[in-house]
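Structural characterization, general
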Amino acid sequence: MDTKPKGLDSDLTRRIIKLMATGNVWLYRTTGGRVGGTWRIGAGFRNPVPICLLEHRGRKTGRLRTTPLVYLEDRGRIVVVASQAGRPEHPMWYLNLLAHPDVTVQVGRRRRPMLARVVDDAERATLWPRLVDLYADYDSYQSWTDRVIPVVVLEPR
């Protein structure tokens, strides 16, 4: 178990994550994923991991939002993790999916309508090791929080 970084749960960290995500979305859309299409932070520094853009509807505002997420492709499905770097609260995009599971996913320049669902414990147990193989920091994130980090499958609709 890694030691949880000081300040991870601070409001400043939340704002920095949001600012980085906004910049990543702009770069990704502008370049069709050539820039911003991989995550090169933490475990991704030496082994960059793929990024998709998840377009979702705000549960309170109804406005469309876009969030860049590490993803695992699995038999035509996209698997994402609501880790928020191990912070104690679920990310807003995850709460939005619970209210509005119809989403659009962009990988490169390809956009697909999809339906989000949170996996059950059995499916999570199958997917989690594959997700950790993809991005090893997920194990650290889980050790830093008391919540079970949700795994979400996005399936074509």
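Above this note sits the structure.
Scope of this entry: the structure provided in the associated data block.

1. Thoughts on the packing of aromatic side chains
Following the criterion strictly, the structure yields six aromatic pairs and no others. Their ring planes at 40° and their centres at 6.0 Å tell us that tryptophan 128 and tyrosine 138 sit as a pair that is tilted. Placement of tryptophan 128 in helix H3 (residues 121-134) and of tyrosine 138 in helix H4 (residues 137-143) is noted, with a sequence separation of 10 residues between them. For the pair tryptophan 128 and tyrosine 138, one class covers both residues: buried. For the pair tyrosine 141 and tryptophan 144, a centre-to-centre distance of 5.6 Å together with 50° between the ring planes defines the contact as tilted. Considered together, tyrosine 141 and tryptophan 144 belong to a single accessibility category, that of buried residues. Counting every residue linked through ring pairs, the aromatic cluster contains Trp128, Tyr135, Tyr138, Tyr141 and Trp144.

2. Describing a nonpolar patch on the surface
Taken together, Leu12, Ile16 and Met20 make up a surface patch of nonpolar side chains, about 300 Å² in accessible area. With respect to the helices and strands, isoleucine 16 occurs in helix H1 (residues 11-31). What makes isoleucine 16 partly exposed here is its relative accessible area of 41%.

3. Section: the nonpolar core
One finds Val79, Leu127, Trp128, Leu131, Tyr138, Tyr141 and Val151 to be the most contacted residues of the largest nonpolar core, which totals 22 residues. Elements represented by at least two residues in this core include exactly H1, strand S2 (49-57), strand S5 (77-81), H3, H4 and strand S8 (151-156). Looking at this core, the element that brings in the most residues is H3, giving four residues. Those residues in contact with tyrosine 138, other than ones at most four positions away along the chain, are Val70, Val81, Ser83, Trp128, Leu131 and Val132. Counting 16 residues, the second-largest nonpolar core is a separate cluster that includes Leu54, Ala82, Tyr94 and Val103.

4. Some points on the layout of surface pockets
Approximately 1400 Å³ is the volume attributed to the largest pocket. Along its surface, the largest pocket is lined by 45 residues, and Ile17, Lys18, Ala21, Thr67 and Trp93 are the ones closest to its centre. Going through the elements one at a time, H1, S2, strand S3 (64-70), helix H2 (92-99) and H4 are the ones with two or more residues in the lining of the largest pocket. Counting residues per element, the lining of the largest pocket draws most heavily on H1, which supplies 11 residues. Here the lining of the largest pocket is composed, by residue class, of 24 nonpolar, 13 polar and eight charged.

The rules behind each value
- Residues numbered from 1 in each chain as written.
- Predicted model: local features only at pLDDT ≥ 70, side-chain atom pairs only at ≥ 80, totals over all residues.
- Heavy atoms only, no water.
- Phe/Tyr/Trp six-rings, centres within 6.5 Å; stacked < 30°, edge-to-face > 60°.
- Helix = DSSP H or I, 4+ residues; strand = E, 2+ residues; numbered from the N terminus.
- Buried < 20%, exposed > 50% of the residue type's maximum accessible area, 1.4 Å probe, protein only.
- Patch = residues over 30% accessible without salt bridge, like charges linked within 9 Å, V, L, I, M, F, W, Y side chains within 5 Å.
- Areas by Shrake-Rupley, 256 points an atom, 1.4 Å probe, with all protein chains shown as cover.
- Salt bridge = Lys/Arg side-chain N within 4 Å of Asp/Glu carboxyl O.
- Core = buried A, V, L, I, M, F, W, Y, C linked by side-chain atoms within 4.5 Å.
- Contact = heavy atoms within 4.5 Å.
- 1 Å grid on protein atoms, 1.4 Å probe; cavity = no way out; pocket = protein on both sides within 12 Å on 5 of 7 lines; lining within 4 Å.
- Points joined across faces, edges and corners; volume = space filled by probe spheres on them.
- Nonpolar A, V, L, I, M, F, W, Y, C, P; charged D, E, K, R; others polar.

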